[in-house]
Amino acid sequence: MKKRILLLATGGTIASQPTEEGLAPGLDGAALASLLPESVLARYEVTVRDILRLDSSNIQPEEWQLIARRVFEAREDYDGIVITHGTDTMAYTASILSVMVRGIPIPVVLTGAQLPIEHPLSDGEENLRLALAMAESGVGGVFVAFDRKVILGTRAVKTRTTGFDAFESVNWPYVAQVSGNGLNLNDGALPARSESPCVLRDALSPRVFLMKLTPGVDPELFDMLLQMHYRGIVIEAFGAGGLHFVRRDLVAKLQAAAQAGVSVVVCSQCLYEPSNFSVYEVGRRALEQGVIQGLDMTTEAAVTKLMWALGQTEDPAEVRRYFQRCLAGEVALS
Ligand code: ASP
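In what follows, the accompanying structure is described. (Residues numbered from 1 in each chain as written. Predicted model: local features only at pLDDT ≥ 70, side-chain atom pairs only at ≥ 80, totals over all residues. Heavy atoms only, no water.)

### A look at unusual backbone geometry
Selection criterion: Starting at the N terminus, helices and strands are each numbered in turn, a helix being any DSSP run of H or I of at least four residues and a strand any DSSP run of E of at least two.
Even without a glycine there, the phi angle at Asp147 is positive, about 50°. Position of Asp147 among the secondary structure elements: in the loop between strand S7 (141–146) and strand S8 (149–152). Even without glycine at this site, Arg247 takes up a positive phi of about 65°. Mapped onto the elements of the fold, Arg247 is located in the loop between strand S14 (232–237) and helix H7 (250–259).

### Considering the sheet that holds strand S16 (residues 292–293)
This is how the line gets drawn: Note on pairing: DSSP must find at least two bridges between two strands before they are called paired.
Spatially, the 4 strands line up as an open sheet ordered S13-S14-S15-S16, and their pairing is parallel. At either end of the open sheet lies a strand with only one pairing partner, and these are strand S13 (208–212) and S16. In terms of strand pairing, strand S15 (residues 263–268) meets S16 through 2 bridges, oriented parallel. If you follow Val265 over to S16, its bridge partner there is Ile292.

### Here we look at the nonpolar core
For clarity, the threshold we go by: Grouping buried Ala, Val, Leu, Ile, Met, Phe, Trp, Tyr and Cys residues that are joined through side-chain atoms within 4.5 Å yields what is termed a nonpolar core. Exposure categories follow from relative accessible area, calculated using a 1.4 Å probe and restricted to protein chains: below 20% of the type maximum is buried, above 50% is exposed, and the middle band is partly exposed. Every residue pair with non-hydrogen atoms within 4.5 Å of one another is taken to be in contact.
The biggest cluster of nonpolar side chains holds 54 residues, and the ones touching the most others in it are Val71, Ile81, Ile83 and Val144. Those residues in contact with Ile81 that lie beyond four places of it in its chain are Leu6, Leu8, Val71, Ala74, Ile106, Pro107, Val108, Val109 and Ala135. Counting residues in each nonpolar core, the second largest holds 28 residues, with Leu32, Tyr44, Leu128 and Leu152 among its members.

See the structure below:
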């Protein structure tokens, strides 16, 4: 029997066409699907639904909720879901979906392209074919399929602006790769099968700020964020884990943030390998103020998990508890 695949179209370069104002999403999902070869389409029973037509720079928390709801509603009627999406914020969408529809029993596969699918040299068709193949794999979870590789949704990072190998799997092996043997799933990289039924948990707080430290950054920035009622801050700190306290005391501001009930997650500016704030004095002082360690999470996963956790609870202690658990493969806890 043919696998039933739902194609949710949201826009992005893959669907874009030249306009006087620059490239903008113009093709709907049916037009995208019609550009696939007959031999590919014949393998699946594809249903197309247009839910957005946006450049992904315009995809924000409200759109994440919409996408999550459409995915959740469809989970029992399809064997897999493919979401066409712009590449620029795809990693954020993949990360937040991973927690909003945690335990989804079918594959939910995001894909897109670096060149519009109508361009003669586009990578769009190939990426779409890969996403369909992953969507029929039966492996539950949220994934990014791009350039012949499949990445766990919480581990994808866009690392190239124009190269076809635009995404990397960070601090986690690829879930699958294409070779002469077809789609090779890496069993060790697959998400753990969920024991409990999938529940839609789409509440979130968009009031999370990502701060990338630069040497000498003014600690008063924190005061501004508290005045603006931010509820969460993710800090991309230096190296394995450090921030300055000499002359410009960021650590004192962490204390003020904690007292104001703001949850602070500390990560590294380094893309690869875990941070560990207990190694250096400059990190330990931050830990003493109650910050949450991001460990090996990507920035995209840390930001979206914090938004999501703040949507589940008002209690900073409970937010911390969410970070002591791995929800969707986003973190390796030792
Ligand atoms: N700006 C586009 C988008 O994210 C880029 C792309 O899709 O590759 O929608």
